[in-house]
Amino acid sequence: MSDIQQLKDELEQLEKRNRDLTLLLESAFELKSGLTSMDHPFPINVIHSLVIALDSRDPYTSGHSSRVALYSLWIARELGIGEEECKHFYRSALMHDIGKIGVPDRVLLKTERLNDEEFQSMISHTIIGARILSNVEPLERMIQATEVAKYHHEKMDGSGYPEGLVGESIPFYARIVAVADAFDAMTTDRPYSLGISCQDGVEEIVRCKGSHFDPVVVEAFKNVMQVRNYLKGGDIDSPYIFE
């Protein structure tokens with residue numbers, strides 16, 4: 001590898017780390033601002049502890065829950081959803097993968113392709129997460145979080161899991177998290193592969209509009225990423241000042 005190419009690779013890694021740190025800072029801001037919302041059955045510190053426990057099991061996906069929640073929040077705001085509901089949704093999105101707590105390490109941390117039995121174990125995290133969240137009271141305030149955990153891997157054409165739901169039968173907020181979750185998975189480095197660029201990730205989401213993802217959600221996602229310079233390869237914009 002030439003010195004120039006090595007330098008380019010190092011700069012690219014630094015840019016990714018800078019992006020991740022920026023997102024974590026903004027996510028921390030959203031957590032802090034959500035402290036004033038008292039009608040959620042899970043206190044924000046409990047949610048944060050659960051997310052940390054989950055992320056600590058797999059260092060390669062550390063920060064995934066926070067990034068997905070933040071992307072989901074951006075999309076929701078772009079769609080014009082009210083701010084109080086956005087705060088509630090942000091907490092739901094933070095817990096979208098909470099069911100992975102029940103997936104064995106040998107499956108969750110495996111770097112090779114999963115066999116059929118392991119794949120079934122992995123996708124069971126949607127059912128496990130829904131079961132965990134559906135038993136938190138008051139039940140009516142956990143409906144959204146339960147639906148997000150259970151259905152964020154459903155696809156518009158019915159090829160997703162766990163139930164193969166089609167189109168608008170997929171709960172709306174789960175459709176938002178589906179886009180955010182897929183984008184973060186595609187753009188995150190793993191032991192066996194490097195994540196693709198943010199621009200390529202956005203293009204892939206757009207390519208799957210209508211088949212995998214809700215077209216309305218995809219357009220909102222694309223608009224957000226355009227405004228925040230994810231399609232230009234420049235510095236990520238943040239509207240917040242962190243104190």
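Right above here is the structure, for reference.
Quick summary incoming for the structure in this document. Everything numeric here is computed off the predicted structure, so don't read it as measured data. (Residues numbered from 1 in each chain as written. Predicted model: local features only at pLDDT ≥ 70, side-chain atom pairs only at ≥ 80, totals over all residues. Heavy atoms only, no water.)

With respect to the overall build of the protein
Cut-off, in case you're wondering: Counting from the N terminus, the helices are the DSSP runs of H or I reaching at least four residues and the strands are the DSSP runs of E reaching at least two. We call a residue buried when its accessible area falls under 20% of the maximum for its residue type, exposed when it is over 50%, and partly exposed in between, using a 1.4 Å probe and counting protein chains only. Residues are treated as being in contact if the distance between any of their heavy atoms lies within 4.5 Å. Every accessible area reported is derived by Shrake-Rupley at a probe size of 1.4 Å, with residue values counting cover from the shown protein chains alone.
Tallying secondary structure elements over the protein gives 11 helices and zero strands in all. Relative to its 243 residues, the protein shows a buried fraction of 46%. At a minimum sequence separation of 6, the contacts of the protein that also span at least 24 residues come to 64%. Carbon and sulfur atoms provide 55% of the accessible area of the protein, an area that totals close to 12,300 Å².

Topic: the packing of aromatic side chains
Heads up, the condition is: Whether two aromatic rings pair depends on their centres lying within 6.5 Å, for rings of Phe, Tyr and Trp, where Trp uses its six-membered ring; planes under 30 degrees apart make the pair stacked, over 60 edge-to-face, and the rest tilted. For a Lys NZ or an Arg CZ to count as sitting over a ring, it must be within 6 Å of the ring centre and within 35 degrees of the ring normal.
This structure, assessed with the given rule, holds nine aromatic pairs. Plain terms: the ring middles of Y71 and W74 are 5.6 Å apart, the flat faces sit at 65 degrees to each other, and that makes the pair edge-to-face. Of this pair, Y71 and W74 both sit in helix α3 (residues 64-78), three residues apart, roughly one helical turn. No difference in accessibility class separates Y71 from W74, as the two residues are buried. Both rings, one in F183 and one in F221, keep their centres 5.2 Å apart while their planes meet at 65 degrees; by these two values the pair is edge-to-face. Here F183, found in helix α9 (residues 172-186), pairs with F221, found in helix α11 (residues 215-227); they are 38 residues apart in sequence, far enough to count as distant. Across this residue pair, the class does not change: F183 and F221 are buried. Here the aromatic residues Y71, W74, F183, F221 and Y230 are joined through ring pairs into a cluster of three or more. Positioned above the aromatic ring of W74 is the side chain of R228, whose terminal nitrogen or guanidinium carbon lies 3.7 Å from the ring centre.

A look at the pattern of salt bridges
Formally: Salt bridges are defined as contacts in which a side-chain nitrogen from Lys or Arg sits within 4 Å of a carboxyl oxygen from Asp or Glu.
Taken as a whole and assessed by the stated rule, the structure comprises nine salt bridges. Between E84 and K87 there is a salt bridge; the shortest N-O distance is 3.8 Å. Of this pair, E84 and K87 both sit in helix α4 (residues 83-94), three residues apart, which is roughly one turn of the helix. On the basis of relative accessible area, K87 is assigned to the buried category, the value being 18%. Across the pair E163 and K150 runs a salt bridge, and its minimum N-O distance is 3.1 Å. Linking E163 in the loop between α8 (143-151) and α9 with K150 in helix α8, this pair joins segments that are 13 residues apart in sequence.

A closer look at empty space enclosed by the protein
Rules: The way it works is a 1 Å grid over only the protein atoms, where trapped points that fit a 1.4 Å probe form a cavity and open points with protein on both sides within 12 Å along at least five of seven lines form a pocket, and then any residue with an atom within 4 Å of a point lines it. Grid points are joined across faces, edges and corners, and a volume is the space filled by probe spheres set on the points. For this classification, the nonpolar set comprises Ala, Val, Leu, Ile, Met, Phe, Trp, Tyr, Cys and Pro, the charged set comprises Asp, Glu, Lys and Arg, and every other residue, Gly included, is treated as polar.
All chains considered together, the criterion is met by two cavities of 30 Å³ or more. Here the second largest cavity is characterised by a volume of approximately 40 Å³. Forming the walls of the second largest cavity are E154, M156, I170, A174, R175, A178, H212, F213 and D214. Here the lining of the second largest cavity is built from residues that sort into five nonpolar, one polar and three charged.

A short note on the environment of G201
Counting through the fold element by element, G201 comes out in helix α10 (residues 198-207). Distance in space between the C-alpha atoms of G201 and M186 is 6.2 Å, their sequence separation being 15 residues. When neighbours within four sequence positions are excluded, G201 is seen to be in contact with F183, M186, T187 and I196.

Re the side chain of S72
Condition: Polar contacts here mean pairs of N or O atoms no more than 3.5 Å apart (in protein, one a potential hydrogen donor and the other a potential acceptor; neighbouring residues in sequence count only if both atoms are side-chain atoms).
Mapped onto the fold, S72 is located in helix α3. When its relative accessible area of 0% is taken as the criterion, S72 is described as buried. Engagement of the side chain of S72 in a polar contact is seen with the backbone oxygen of V68, the distance being 2.8 Å. Ignoring sequence-local partners within four residues, the contact set of S72 consists of F89, A93, I176, V177 and A180.

Considering α11
Note the threshold: Each helix should span, by expectation, one fewer than its residue count multiplied by 1.5 Å. This arc describes the spread of directions from the helix axis toward the C-beta atoms.
Here α11 spans 18 Å end to end across 13 residues, near enough to the 18 Å set by a 1.5 Å rise per residue. Every buried residue of α11 is listed here: V217, V218, A220, F221, V224 and M225. In a view along the axis of α11, the buried residues occupy a sector of 165 degrees, so they form one face of it. Exposed residues lying more than 90 degrees from the buried face of α11 are V216 and V227. Where α11 is buried, its residues meet α3, α9 and α10. The residue sitting at the N-terminus of α11 and contributing the capping side-chain oxygen is D214; that oxygen lies 2.9 Å from the backbone nitrogen of V216.

Read these as geometric descriptors, not functional statements.
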